[in-house]
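Each chain, written out:
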Amino acid sequence: QVPLVESGGGLVQSGGSLRLSCAAHDTIFMWHTMGWYRQAPGKQRELAAYVTSDGRRNYDDSVKGRFTISRDNAKKTVDLEMNNMKPEDTAVYYCNRVPDVGRWGQGTQVTVSS
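Now for a description of the structure that goes with this document. (Residues numbered from 1 in each chain as written. Predicted model: local features only at pLDDT ≥ 70, side-chain atom pairs only at ≥ 80, totals over all residues. Heavy atoms only, no water.)

## Observations regarding the sheet that holds strand E2 (residues 10-13)
Note the following rule: Only strands joined by at least two bridges in the DSSP assignment are considered to pair. For the purposes of this entry, the term helix denotes a DSSP run of H or I that reaches at least four residues, the term strand denotes a run of E that reaches at least two, and both are numbered from the N terminus. In this analysis, axes come from line fits to C-alpha atoms, helices being fitted only over the stretch in contact, and the angle between any two N-to-C directions falls in the range 0 to 180 degrees.
Read across the open sheet, the six strands follow the order E2-E10-E9-E4-E5-E6; overall the sheet is mixed. The outermost strands of the open sheet, each flanked by one partner alone, are E2 and strand E6 (57-59). Across the sheet, the axes of successive neighbouring strands diverge by a mean angle of 25°, strand direction being ignored. Pairing geometry for strand E4 (residues 34-39) and strand E9 (residues 91-97), over six bridges, is antiparallel. Across the sheet, residue glutamine 39 finds its bridge partner in E9, namely valine 92.

## Quick notes on the environment of asparagine 58
Note the following rule: For this analysis, residues touch if any pair of their heavy atoms sits within 4.5 Å.
Position of asparagine 58 relative to the elements: it lies in strand E6. In this structure, the C-alpha to C-alpha distance between asparagine 58 and alanine 48, residues 10 residues apart in sequence, is 8.6 Å. The residues touching asparagine 58, leaving out its near neighbours within four places in the chain, are Ala48, Ala49 and Tyr50.

## With respect to the sheet that holds strand E8 (residues 77-82)
The four strands lie next to each other as E1-E3-E8-E7, forming an open sheet whose pairing is antiparallel. Because the sheet does not close on itself, it has two edges, and the strands there are strand E1 (4-7) and strand E7 (67-72). Geometrically, the sheet is characterised by an average inter-axis angle of 15° between neighbouring strands, direction not taken into account. Of the strand pairs in this sheet, E7 and E8 are connected by six bridges, and their pairing is antiparallel. Bridge assignment links isoleucine 69 to a residue of E8, and that residue is leucine 80.

Quick look at the structure:
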């Protein structure tokens, strides 16, 4: 019944790894490009990565080479594997369509310590 549910956030040290997961309702997920957004305090929300319905992926330069986005069309999930994390990655992470649907989940907090 919940349209978007993000999980997997937490506290990691610089250089560490986290894997985020998003469970999306069928009406949001199917046949649409899905992305992971992030928003740091005092900053605008930015699109970190997205994956199309047929599996094509794109990354913001700030995360390219470190993050990997993937989707499971059967389970209606979108994952974000984050490696070699930096303090600058600290933010609340959200998943949504690209473009977004105007409604957002609670997000999941990611904090990277130096």
